[in-house]
Amino acid sequence: MLPRNARLPLGFSTLGCPQWTWPQILDFAATHGYAAVELRGIQTNMDLTKVPELSAERLGEAKRQLAARGLAVSCLGASAHMHEMDPTKHAAQLDEGRRFIDLAQSIGAPYVRVFGNNYVQGVARADILAHIAGGLRTLGDYARGKNVTVVIESHGDFTDSPTLLEIMQRADSPAVALLWDAHHTFVSGKEAPEDTVRQLGPYIRHTHLKDSVAAGTDRRYVLTGTGDVPVRRQIQALVKIGYPGVYSFEWEKRWHPDIAEPEVAIAQFATVAGQYLRGAGVR
């Protein structure tokens, strides 16, 4: 999946740089030693299947631009969520998932991220988990022949390992796996990273890493290593199990415009996470 070069397996999500153009994203990634970019919207467009640079007419050029800079696309971030119980709404979510899977196949991205994402009032826990798993299995069946895996993110109401494990087991698909948002399982799920990896490690294919501090009843995102989220331990736990994927920085600048600028935060993550990886024995 990663380019054959000497870079560490670091990536960042375009959620962190919502004003950057496609060339800016690629140039910054290459300049700062990143191996991959995770696409979650480009500028004002969150639907990657409607981004001009990724259209069928221009996709070949986009792939050439990636290759010229030694970059891979690690994951495509869809907004699709599997908890919708209304058949029409559920079908629309599956349609978005399929469109993203098609784009992932075309651009060579191995993963498409979707959400669970919520418990539904009045629906029994077992029923909603079965419904979500069914949606994941449907998308997995579509993705299998396209060399793409659908990954559900630990997000929303589903940030604890036992529930995520149950969803994985219910989905029971070789083309369905987990995107470990390590911030959410620590902050919301109240889990130590080593415990999360022990329970979910075999399913983890992609990551979201970020740091934060308490801010009243909420959290405030801060530069990596300056908060109280154990990012170093999260990375160490993944290295210990031989995690083969990208360590992807999700700086939520699009949702929190007051946090540090991407030129600062994304550059700083490359330095700090690089140190963490080297300290864990990754060369």
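Going by the structure above, here's the rest.
Reading guide: rules and limits
- Residues numbered from 1 in each chain as written.
- Predicted model: local features only at pLDDT ≥ 70, side-chain atom pairs only at ≥ 80, totals over all residues.
- Heavy atoms only, no water.
- Helix = DSSP H or I, 4+ residues; strand = E, 2+ residues; numbered from the N terminus.
- Rg over C-alpha atoms; globule rule 2.2 N^0.38 Å.
- Buried < 20%, exposed > 50% of the residue type's maximum accessible area, 1.4 Å probe, protein only.
- Contact = heavy atoms within 4.5 Å.
- Lys, Arg positive; Asp, Glu negative; His and termini not counted.
- Charge placed at Lys NZ, Arg CZ, Asp CG, Glu CD.
- Salt bridge = Lys/Arg side-chain N within 4 Å of Asp/Glu carboxyl O.
- Core = buried A, V, L, I, M, F, W, Y, C linked by side-chain atoms within 4.5 Å.
- Polar contact = N/O pair within 3.5 Å; in protein donor to acceptor, adjacent residues only side chain to side chain.

Topic: the overall build of the protein
Next, step 1: Across its full length, the protein holds 9 helices and 10 strands.
Next, step 2: Here the C-alpha radius of gyration of the protein, 18 Å, is about what a compact globule of 283 residues would show, namely 19 Å.
Next, step 3: Across its three principal axes, the protein shows a C-alpha extent of roughly 50 × 45 × 35 Å.
Next, step 4: Within the protein, the proportion of its 283 residues that are buried is 57%.
Next, step 5: Residue pairs in contact within the protein that sit at least 24 positions apart in sequence constitute 78% of those at least 6 positions apart.
Next, step 6: Looking at the protein, you have 30 positive and 30 negative side-chain charges, and the mean spots of the two groups are 6 Å apart.

Points about the pattern of salt bridges
Next, step 1: Inspection of every chain in the model, using the stated rule, returns 16 salt bridges.
Next, step 2: Of the charged contacts in the structure, one is a salt bridge between Asp95 and Arg99, with a shortest N-O distance of 3.3 Å. Residue Asp95 and its partner Arg99 are located together in helix α3 (residues 87–107), separated by 4 residues, close to a single helical turn.
Next, step 3: For Asp95, a relative accessible area of 38% corresponds to the partly exposed category.
Next, step 4: Residue classification places Arg99 among the partly exposed positions, given a relative accessible area of 28%.

Here we look at the nonpolar core
Next, step 1: Phe12, Leu54, Leu76 and Leu136 are the most contacted members of the largest nonpolar core, which has 80 residues in total.
Next, step 2: Considering every element that reaches this core, the biggest residue donor is helix α9 (residues 262–279), with 9 residues.
Next, step 3: Sequence-distant contacts of Leu54, that is, excluding residues within four places in its chain, are made with Trp22, Leu39, Leu48, Leu59, Ala62, Leu103 and Ile107.
Next, step 4: Ranked by size, the runner-up nonpolar core spans 5 residues in total, among them Tyr111, Val151, Ala177 and Leu179.

Description of the side chain of Asp47
Next, step 1: Topologically, Asp47 is positioned in the loop between β2 (36–39) and α2 (59–68).
Next, step 2: Overall, the relative accessible area of 16% leaves Asp47 in the buried class.
Next, step 3: A distance of 3.1 Å separates the side chain of Asp47 from the side chain of Arg99, its partner in a polar contact.

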